[in-house]
Amino acid sequence: CLGKVIGGGLPVGAYGGRRDIMEMVAPAGPMYQAGTLSGNPLAMTAGIKTMERLKQPGTYEHLDKITGKLINGILEAGKDAGHAVCGGHISGMFGFFFCEGPVTCFADATKSDTAKFAKWHRKMLERGIYLAPSQYEAGFTGLCHTEEDVEKTLAAAKEVFAEL
């Protein structure tokens, strides 16, 4: 997981440990370590730029706002069309399930209608909306997502829920 974060979404090798162990690794210590994805310049630049962007005022507020609008709109569209659906979000991460809910543990999640979700997912793809292909995966918004993107997604979701 560290590599995905450090590389701003690009692959990079990363590891860590206690100070006494890390001081054994060159240049501080005698053990040499190298790898294809260790310190990749493109991934390092992406990571630095991501951190710079995340430090800008309003960044997390934007993620929370855009993600809240997206997930609340999906849930509303599903319920308005008569489907059992529940979910939520934290900042830029969201998830939802085709069941009454709430989903608070894996046992709750297994009560979801995965066949209905699969149909919903395929129909969203047909409309150019790419989401995680499983209810068990989290979805993510990014700083590049706009209100227009959310509106397009919600319009497609309403159509699809009406067809199910």
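This structure is a prediction, so every number in the text was calculated from the model and none was measured.

Draft legend 1. A look at the pairing of strand S1 (residues 86–90). Of the pairings in the sheet, the one linking S1 to strand S2 (residues 93–97) comprises 5 bridges and is antiparallel in character. Paired with Gly87 across the strands is Phe96, a residue of S2. Two successive antiparallel strands, S1 and S2, enclose a turn made up of 2 residues, where Ser91 displays a positive phi of approximately 50°.

Draft legend 2. Structural context of the packing of aromatic side chains. For the coordinates displayed, the defined rule picks out 9 aromatic pairs. Arranged with centres 5.7 Å apart and planes meeting at 90°, the rings of Phe98 and Phe117 form a pair that is edge-to-face. Of the two residues, Phe98 is situated in the loop between S2 and helix H5 (106–109) and Phe117 in helix H6 (residues 114–126); the sequence distance between them amounts to 19 residues. Assessed through its relative accessible area of 3%, Phe98 is described here as buried. The exposure class of Phe117 is buried, given its relative accessible area of 4%.

Analysis parameters
Residues numbered from 1 in each chain as written. Predicted model: local features only at pLDDT ≥ 70, side-chain atom pairs only at ≥ 80, totals over all residues. Heavy atoms only, no water. Pairing = 2+ DSSP bridges. Helix = DSSP H or I, 4+ residues; strand = E, 2+ residues; numbered from the N terminus. Phe/Tyr/Trp six-rings, centres within 6.5 Å; stacked < 30°, edge-to-face > 60°. Buried < 20%, exposed > 50% of the residue type's maximum accessible area, 1.4 Å probe, protein only.

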